[in-house]
Amino acid sequence: AQTVTQSQPEMSVQEAETVTLSCTYDTSESDYYLFWYKQPPSRQMILVIRQEAYKQQNATENRFSVNFQKAAKSFSLKISDSQLGDAAMYFCAYFGERGAQKLVFGQGTRLTINP
Amino acid sequence: GAVVSQHPSRVICKSGTSVKIECRSLDFQATTMFWYRQFPKKSLMLMATSNEGSKATYEQGVEKDKFLINHASLTLSTLTVTSAHPEDSSFYICSARDWGTTYNEQFFGPGTRLTVL
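The structure presented is a predicted model; accordingly, all values stated were derived computationally and were not measured.

All right, on to the overall build of chain A then. Check the secondary structure of chain A and you find zero helices and 12 strands. Ordered by position in the sequence, the α and β elements of chain A form the string β-β-β-β-β-β-β-β-β-β-β-β. Compactness check: chain A gives a C-alpha radius of gyration of 14 Å against a globular reference of 13 Å for 115 residues, within 12% of the reference. The principal-axis extent of the C-alpha atoms belonging to chain A is close to 45 × 25 × 20 Å. The 115 residues of chain A split such that 48% are buried. Contacts in chain A between residues far apart in sequence, at least 24 positions, make up 56% of those at least 6 positions apart.

What makes a disulfide is a covalent bond joining the sulfur atoms belonging to two cysteines. All names here are of chain B. The tally for this structure, following the rule as stated, stands at two disulfides over all chains. There is a disulfide in this structure between Cys23 and Cys94, and the S-S distance comes to 2.0 Å. Note on the Cys23 and Cys94 pair: the S-S dihedral is about 80°, so by sign convention the disulfide is right-handed. With Cys23 in strand S3 (residues 19–25) and Cys94 in strand S9 (residues 90–97), this pair connects stretches of sequence that are 71 residues apart. Cys23 gets classed as buried once you look at its relative accessible area, which sits at 0%. Free cysteine: Cys13, not disulfide-bonded; nearest cysteine sulfur from Cys94 at 18 Å.

Checked against the element boundaries, Arg97 of chain B lands in strand S9. Here Gln101 of chain A takes part through its backbone oxygen, which lies 2.9 Å from a polar atom of the side chain of Arg97 of chain B. Excluding its chain neighbours within four sequence positions, the residues that come into contact with Arg97 of chain B are Phe95, Gln101 and Lys102 of chain A together with Phe28, Gln29, Ala30, Thr31, Thr32, Phe34, Asn104, Glu105 and Gln106 of chain B.

The next subject is the interface of chain A and chain B. With 20 residues of chain A at the contact, the number on the chain B side is 23 residues. The contact between chain A and chain B buries some 1,800 Å² in all, and 50% of this surface belongs to carbon and sulfur atoms. Along the contact surface separating chain A from chain B lie two salt bridges. With its nearest N and O atoms 2.7 Å apart, the salt bridge here joins Lys102 of chain A to Glu59 of chain B.

Criteria and cut-off values
Residues numbered from 1 in each chain as written. Chains lettered and ligands numbered in written order. Predicted model: local features only at pLDDT ≥ 70, side-chain atom pairs only at ≥ 80, totals over all residues. Heavy atoms only, no water. Helix = DSSP H or I, 4+ residues; strand = E, 2+ residues; numbered from the N terminus. Rg over C-alpha atoms; globule rule 2.2 N^0.38 Å. Buried < 20%, exposed > 50% of the residue type's maximum accessible area, 1.4 Å probe, protein only. Contact = heavy atoms within 4.5 Å. Disulfide = S-S within 2.5 Å. Polar contact = N/O pair within 3.5 Å; in protein donor to acceptor, adjacent residues only side chain to side chain. Buried area = accessible area lost by both parts, 1.4 Å probe. Salt bridge = Lys/Arg side-chain N within 4 Å of Asp/Glu carboxyl O.

This is the structure in structure tokens:
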């Protein structure tokens, strides 16, 4: 079965600085997607960024970018120019195209932004 | 992006009663919806996959007789917690898959906080 591991329960960063959240996963599948979701205090799950496994180029969305290392099964999220609104729980998630076809979530990382 | 609603957002009930939570996809058809449970400061735990017109698929350890799921239309799935007890108190989140998108993206509802007294 696929697993997703986030080894950092909590992280903090100064406003305007850069922070990287770690995520590793385990799978034997070749076709899959990886996601980072943000869950602010409202608890609404918000998609931050997605990465298709077949793409070598790292995905970017404005201040958010990923470092996708397929061989190492690593998928970290970098947040640049951190803002107070970035404070939230961040979940890494895996979706296999041909397997169970359901999202597998990591344990989450709580990110605090210090003003 | 597509919108998924959940109703109610909060519900308080007495032990032994049943509670129904609705999940609706507002601007797309969702043949597949998912129900999650989330404990405080924890990750989302998938309870079941709801397929329109067929029986739900429950994850291991989830009591199907306690958590009844009905997906009678392409835009509505319901989760009924039967004979609720205090240990059923939790945050329940639904999501809906939009098969029309390139990535079969899932969109999440805002969640329902259930408190059983």
